Amino acid sequence: QILLLRSKTHPKSTMMNSVSMIVAVAFVALAAHGASAFTAPRIQSVSSPTMRSMVPRFDPTTQKWSAGDGDMEGAYGIFETVVRNGPLPFISRVTSGGSYEQGVLKLMATEKMGRAEAQGNMDASLENAADWAYQKMQERNGGAKKDYAKSPSPKQFALAGTWSAIVFAFFGSIIVDTVNGKYS
C-alpha cells in the first residue's frame, strides 16, 4: 500500500525510475553487443583467392554495388560504429543505411580492402571528412597507415558506454519532463 500511495503522489518518481531502467537496459545491450571489442579483429588479405571472389561488383543497370558471397565477413554492428567514431556515423547509418552500405561496398571494391576496414573508413569519413581525406593523402604519400579495422580498446569502449549512458539519461529526463508538463 505504501508503494501504491507513493506512486500516486509522486508520478514523476515512478516515471524517472522507468527512464533509469530504460537507460540501464540500453547500456547493458550496448555492452553485450560491443563485447566483440575485446576480441582480436579478423582481417584477411585482399590478395587471397577467397577475398578476390568476395569483392563487390557494380551493376550498371541498377547503378548499385552488390555484395559477393561472404562480404559480411568482418562486419561490425551499428553500436560498434558509436564506439569507434561517435554519434555522426551512427546517425548516418541509421537514417540512410542503403547509401552507407553502398559506400562500404564501393570502398571494398575500389580500394581492395576487407569489410571491417571499409566500414572503419566510411565511419571515419562520416565523422570528419576533412581529417579522413588528409589521412588518406598522407598514406598515399608514404605516411603511416591508420588501421581502421582495429577493434576499439577496452578504455575506448568504456568511455563510449559512459558517454552514451549520460546522453540517454539527459534526453530521457527531458522527454519525461516534457510528457509530465514541466516545460508547459
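Above: the structure in question.
How each quantity is defined
Residues numbered from 1 in each chain as written. Predicted model: local features only at pLDDT ≥ 70, side-chain atom pairs only at ≥ 80, totals over all residues. Heavy atoms only, no water. Axes fitted to C-alpha atoms, helices over the stretch in contact; angles between N-to-C directions. Helix = DSSP H or I, 4+ residues; strand = E, 2+ residues; numbered from the N terminus. Parallel < 35°, antiparallel > 145°, perpendicular 65-115°, else oblique. Contact = heavy atoms within 4.5 Å. Nonpolar A, V, L, I, M, F, W, Y, C, P; charged D, E, K, R; others polar. Expected span 1.5 Å × (residues − 1). Buried < 20%, exposed > 50% of the residue type's maximum accessible area, 1.4 Å probe, protein only. Arc of directions from axis to C-beta. Phe/Tyr/Trp six-rings, centres within 6.5 Å; stacked < 30°, edge-to-face > 60°. Lys NZ or Arg CZ within 6 Å of the ring centre and 35° of its normal. Salt bridge = Lys/Arg side-chain N within 4 Å of Asp/Glu carboxyl O.

Looking at this model, I keep getting lost on the packing of helix H4 (residues 78–85) against helix H9 (residues 154–179). Mind explaining?
When two helices pack together, their arrangement is given by the angle between their axes and by how far apart the axes lie. Their axes nearest at 8 Å, the elements H4 and H9 cross at an angle of 105°. Between H4 and H9, the crossing angle belongs to the class labelled roughly perpendicular. Where H4 approaches H9, its residues Val-82, Val-83 and Arg-84 are matched on the opposing element by Gln-156, Phe-157, Ala-160, Trp-163 and Ser-164. Partitioning the contact of H4 with H9 into residue classes produces five nonpolar, two polar and one charged.

Just to check I follow, could you spell out helix H8 (residues 129–140) for this structure?
In this model H8 runs 16 Å from its N-terminal to its C-terminal C-alpha over twelve residues, within 8% of the 16 Å that 1.5 Å per residue would give. Listing the buried residues of H8 in full gives Gln-135, Lys-136 and Glu-139. The buried residues of H8 all sit within an arc of 100° when viewed along its axis, so they share a single face. Away from its buried face by more than 90 degrees, H8 exposes Ala-130 and Arg-140. Packed against the buried residues of H8 are helix H7 (115–127). Immediately beyond the C-terminal end of H8, within one or two residues, lies Gly-142, with a positive phi of roughly 95°.

Would you mind going over the packing of aromatic side chains with me for this structure?
For any pair of aromatic rings, the description rests on two quantities: the centre-to-centre distance and the angle between the ring planes. Under the counting rule described, the total for this entry stands at three aromatic pairs. Geometry around Tyr-76 places Arg-84 over its ring, the cationic atom sitting 3.9 Å from the centre.

Whenever I open this one, the pattern of salt bridges confuses me. Can you help?
Working definition: two side chains of opposite charge can pair if their charged atoms are close together. For the coordinates displayed, the defined rule picks out six salt bridges. Ionic pairing is found between Glu-101 and Arg-115, a salt bridge with its closest N-O pair at 2.7 Å. Within this pair, whereas Glu-101 is found in helix H6 (residues 97–111), its partner Arg-115 is found in helix H7, the two being separated by 14 residues in sequence. Between Glu-139 and Lys-136 there is a salt bridge, with the nearest N and O atoms lying 3.1 Å from each other. Of this pair, Glu-139 and Lys-136 both sit in helix H8, separated by three residues, roughly a single helical turn. Side by side, Glu-139 and Lys-136 carry an identical accessibility label, which is buried.

None of the figures reported here should be taken as evidence of function without further support.
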